[in-house]
Amino acid sequence: MTIEAAPRVADSTGNWVDSHAPLWTRPYLQLARFDRPIGSWLLLLPCWWSAALAAGVAGDVSQLPWFAALFFVGAFVMRGAGCTWNDITDRDLDDKVERTKSRPIPAGLVTAKQAAVFMVLQCLVGLVVLLQFNGFAIATGIASLIIVAAYPFMKRITYWPQVVLGLAFSWGALMGFAATFARIDPAALLLYAGSIVWVIGYDTIYAHQDAEDDLMVGIKSTALKFGERTHTALAVLYSLAVLLIGGALLMAHAGWPAWIGLAAFAAHLVHQIMRLDIKNSPLCLKLFKSNRDAGLLLTAGLVVDAVLRSL
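Residues numbered from 1 in each chain as written. Predicted model: local features only at pLDDT ≥ 70, side-chain atom pairs only at ≥ 80, totals over all residues. Heavy atoms only, no water.

Engineer: When you look at unusual backbone geometry in this model, what are you seeing that I'm missing?
Structural biologist: Trans peptide bonds make up most of the peptide bonds, and negative phi angles are found at most residues other than glycine. The backbone of Ala182 sits at a positive phi, close to 60°, despite the residue not being glycine. Following the sequence through the fold, Ala182 ends up in the loop between helix H9 (172–181) and helix H10 (186–207). By relative accessible area, Ala182 is classed as partly exposed at 37%. With phi around 55°, His253 is a residue other than glycine that occupies positive phi space. Here His253 is to be found in the loop between helix H13 (230–251) and helix H14 (256–275). (Helix = DSSP H or I, 4+ residues; strand = E, 2+ residues; numbered from the N terminus. Buried < 20%, exposed > 50% of the residue type's maximum accessible area, 1.4 Å probe, protein only.)

Engineer: Would you mind going over the environment of Phe133 with me for this structure?
Structural biologist: Tracing the backbone shows Phe133 in the loop between helix H6 (112–130) and helix H7 (135–154). According to the relative accessible area criterion, Phe133 is buried, its value standing at 9%. For the pair Phe133 and Gly74, spaced 59 residues apart in the sequence, the C-alpha separation amounts to 12 Å. With sequence-adjacent residues up to four places away left out, Phe133 is seen in contact with Phe67, Leu70, Phe71, Ile138 and Ala179. (Contact = heavy atoms within 4.5 Å.)

Engineer: Whenever I open this one, a nonpolar patch on the surface confuses me. Can you help?
Structural biologist: Residues Trp256, Ile260, Val303, Val304, Val307, Leu308 and Leu311 make up a contiguous nonpolar surface patch of roughly 690 Å² in combined accessible area. Listing elements by their share of the nonpolar patch, those giving two or more residues are H14 and helix H16 (291–310). Ranked by residue count, the leading element in the nonpolar patch is H16, at four residues. With respect to the helices and strands, Leu311 occurs in the segment after H16. Assessed through its relative accessible area of 80%, Leu311 is described here as exposed. (Patch = residues over 30% accessible without salt bridge, like charges linked within 9 Å, V, L, I, M, F, W, Y side chains within 5 Å. Areas by Shrake-Rupley, 256 points an atom, 1.4 Å probe, with all protein chains shown as cover. Salt bridge = Lys/Arg side-chain N within 4 Å of Asp/Glu carboxyl O.)

Encoded structure:
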């Protein structure tokens, strides 16, 4: 199959990769999900939360813009590497699921070997970014790779793969403190725990898009685990996320802007639960993507608080 004849990825239409990227780059950009950047944003947000909260604790925002830029590049590159790894390991499953069978490997646009080389190149860029931090932060970042490597296999053995995804996607909640103080404070651990629960919630919404196909091919998920009880499960998960993040703010002695940010974050999560229809796949995708906005609301509150505490 030629690139010119290749179908667009099913859940990624009308994006810059399909319309403007050189033809030969498109399968690789699709592997890295540059046509679907929402996952990179969701990986980035806990990094920004942690960096802003740590800056507030330190009373110094001088490094915050630099850290924010490094985390931005690192999140997009390492999410791309993680997705490439996921597509390599899932190549025997993706061609059986309607939403994923048009991805580059099952569509025959890229071989597993070519994808592996591309993954290594992305990891090297991520390493360059990581080396800009202190030794403790470098070691902390490298430790996350164990979880990232394990995640694609979890859906084959447990109905809770979203927990492992949460462990990986929330790792940035530790990195801001690691980069700022060369240590991980209790506030960072609570922030990490809150982010994990948030990830489990929003990825459950995402997984409902594939629930029927997953059931047929034997892929497990919290969407199948919760089923019709998803609204109740999300209420519990999102409430716990807000409580844990609130605990992090208390331990970090955060000021009123951070609490306003958390309140806005919580209101957004409530709105998601109220709107959710697990049988409506386009709506599930829309609500999943809206978590970027929820996370940015909290980020804004934390940044304003950090700036005020540094004055």
